[in-house]
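Structural description and commentary
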Amino acid sequence: MAFMTDAIFAINEYLDPSSESIYNLVAMKNEYFIHDARKLTEKVKEEVDLIITSPPYYDTKDYEVVNQIGFQQSYEQFLADMGTVFLECIKTTKTTGSMWVIVDSLKRNGTFRLLPFDLVKQAQNQQWKLQEIIIWQKDRTLPFSKHGEMRNIFEYVLFFTKSRKFKFYPDRIRSFDKLKNWWAKWPERYSVAGKAPTNIWTFPIPIQGSWGKNHVRHFCPLPAALIGCIIELCSDPGDTIFDPFAGSGAVLKEAYLLDRDFIGCDINPKYRTMFDELFMAIEGLPKTSSIQYENKAFFAEMIKKLRILKLPSALLKKLRRTYPEVFDEILGVLAIPTHELNMKKNKLWQVKYTFYLRERSKELEERIQRVLDTKPLTKYGIQPMLCFIEGFQPKNIKQFNVYPWDTTYKSPMIQTPVQIPFIASNLSFDTRERRLINSCLTP
């Protein structure tokens, strides 16, 4: 067993590797053992950080083993057994841990079995706390439906925690995909961390044989991206991920690749044999992350620059509407980000804004400050430092990029003389950034 710990290897020196006696030992990290999920605590003494599993969907599939959960059971007995599994799971889970259950509803003899909600009750009876119900849109399903039914393209993802204090990192799974075509004009509406995750997830199910064209004919293969999303959301590198219905080992494989330890359990030895063979193909591969940090950093930096440039633009527009006499006194604004550390709460960046005025006056400066202190200008995440200078010489901004004051998301101006008012800055957009910005400006 290439994936077993050194301790198991040491034991193998004294036990026949072909003997099942080795599997009577307590389960260890990075092990897939054959056992009844209703008796997990006989094996799993290690407290786990995260459980991800897709249990039997009642009697939908025969897993070809004696005394299995679901097949040939009554619905009531199935639910009772799942309650036992949930009790065993909560005993093995850390206080900060969570359990994610992927399951679907069923229809039997024309009557719906609300399996996800019945499992929620069973889990809650064992003191699991339901935090969220997520809809998983899986898309790749059979292209037909029965009389009185729609084509089913989603399942339920049930999110439970052991306590009120649990690991949860939503910023890790924020995304910048599917940006609206107006995002460059209103960057203040987009978080630099990305879009907040919703409770509807779209992950197409793998084509049967998701680890290879001729492998893993599993009843309900889970997408690696779905598993990775849960792992990143509720665990840290080095944590232990557990699947009490491990099947072909999709959860275990993803945990390994994301630098987590894993423990798997299943009652059918065929699945573990399959996992043994497939694990050999990935063992030794570099540990990765499902988070696209480079992509996130790219968008975060671009939104930061767009916000810094837009703030004085939004200020000028508001002044022109409410105080046109003040607007006429402003020749231009120079925006230079600083690196000061004394940041106020809810502020992301500190920026020095130098206002070039036709004629300085305390009343004029105070009015500019008051408008800047109003919403929505205070929602940009910017801590402005204001400086006022009377008069303006083109040489003052010769080395800076000069943007149209009312459309700072556009390319810098190259014409001379400088249009009044102007917005200048040392910020610029590289070719990739400019291409993406321009793409959202095209009708």
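Structure first, text after, so check above.
Residues numbered from 1 in each chain as written. Predicted model: local features only at pLDDT ≥ 70, side-chain atom pairs only at ≥ 80, totals over all residues. Heavy atoms only, no water.

Moving on: empty space enclosed by the protein. Overall, the coordinates contain two cavities of 30 Å³ or more when judged by the stated rule. Within this model, the second largest cavity holds a volume of roughly 40 Å³. Lining of the second largest cavity is provided by Ala184, Lys185, Pro187, Leu306, Leu309, Lys310, Thr408 and Tyr409. By residue class, the composition of the lining of the second largest cavity is five nonpolar, one polar and two charged. (1 Å grid on protein atoms, 1.4 Å probe; cavity = no way out; pocket = protein on both sides within 12 Å on 5 of 7 lines; lining within 4 Å. Points joined across faces, edges and corners; volume = space filled by probe spheres on them. Nonpolar A, V, L, I, M, F, W, Y, C, P; charged D, E, K, R; others polar.)

This part takes up the packing of aromatic side chains. Inspection of every chain in the model, using the stated rule, returns 24 aromatic pairs. Seen in terms of ring centroids, Phe298 and Phe299 are 5.2 Å apart; in terms of plane orientation they differ by 75°. Their pairing is edge-to-face. An identical accessibility class is assigned to Phe298 and Phe299; each is buried. Ring-pair connections join several aromatic residues into one group, and the members of that group are Trp100, Phe159, Phe166, Phe168, Trp201 and Phe203. The ring of Tyr75 has Arg113 sitting right over it, with the charged end atom 4.4 Å from the ring centre. In this structure, Arg432 packs its charged tip against the face of Phe298, placed 3.6 Å from the ring centre. (Phe/Tyr/Trp six-rings, centres within 6.5 Å; stacked < 30°, edge-to-face > 60°. Buried < 20%, exposed > 50% of the residue type's maximum accessible area, 1.4 Å probe, protein only. Lys NZ or Arg CZ within 6 Å of the ring centre and 35° of its normal.)

Moving on: the packing of helix H4 (residues 224–234) against helix H5 (residues 250–257). Following both chains from N to C, one finds H4 and H5 inclined at 60°, their axes separated by 9 Å at the closest point. Judged on the interaxial angle alone, H5 and H4 are oblique. Like other packed secondary-structure pairs, H4 and H5 cross with a definite hand, here right-handed. Listed contacts from H5 to Ala224, Ile227, Gly228 and Ile231 of H4 are Ala250, Val251, Lys253, Glu254 and Ala255. Considering only residue class, the contact of H4 with H5 consists of six nonpolar, one polar and two charged. (Axes fitted to C-alpha atoms, helices over the stretch in contact; angles between N-to-C directions. Helix = DSSP H or I, 4+ residues; strand = E, 2+ residues; numbered from the N terminus. Parallel < 35°, antiparallel > 145°, perpendicular 65-115°, else oblique. Left-handed = near helix turned anticlockwise from the far one by under 90°. Contact = heavy atoms within 4.5 Å.)

Moving on, we get to the side chain of Gln122. On the secondary structure map, Gln122 appears in helix H3 (residues 115–125). The buried category is assigned to Gln122, whose relative accessible area is 18%. Setting aside its immediate chain neighbours within four residues, Gln122 contacts Leu79, Ala80, Gly83 and Phe86.

Structurally, Arg189 can be placed in the loop between strand E7 (154–161) and strand E8 (200–202). Considering only alpha carbons, one finds Arg189 and Tyr380, 191 residues apart in sequence, at a separation of 8.6 Å.

By way of backbone hydrogen bonds, the strands of a sheet pair with one another, either parallel or antiparallel. The strand order across the open sheet formed by five strands is E13-E12-E11-E15-E14, and the pairing between neighbours is mixed. At either margin of the open sheet sits one strand with a lone partner, and together these are strand E13 (382–390) and strand E14 (401–404). Between one strand axis and the next, the sheet turns through 25° on average, direction left out of account. Strand direction decides the pairing type here: E14 and strand E15 (residues 422–425), joined by four bridges, are antiparallel. From the neighbouring strand, Asn401 faces E15, where its bridge partner is Ser425. Each of strand E11 (330–337), strand E12 (349–357) and E13 touches helix H9 (residues 362–372); the most contacted strand, E13, lies at about 160° to it. (Pairing = 2+ DSSP bridges.)

With that settled, the discussion passes to the nonpolar core. Ile52, Met99, Trp100, Leu115, Trp128 and Trp201 are the most contacted members of the largest nonpolar core, which totals 71 residues. Aside from chain neighbours lying at most four places away, what touches Leu115 is Tyr57, Tyr58, Tyr75, Phe78, Leu79, Val103, Asp104, Ser105 and Leu106. By size, the runner-up hydrophobic cluster in this structure holds 42 residues, among which are Trp349, Leu377, Ile382 and Trp405. (Core = buried A, V, L, I, M, F, W, Y, C linked by side-chain atoms within 4.5 Å.)

The values are spatial; any link to function lies outside them.
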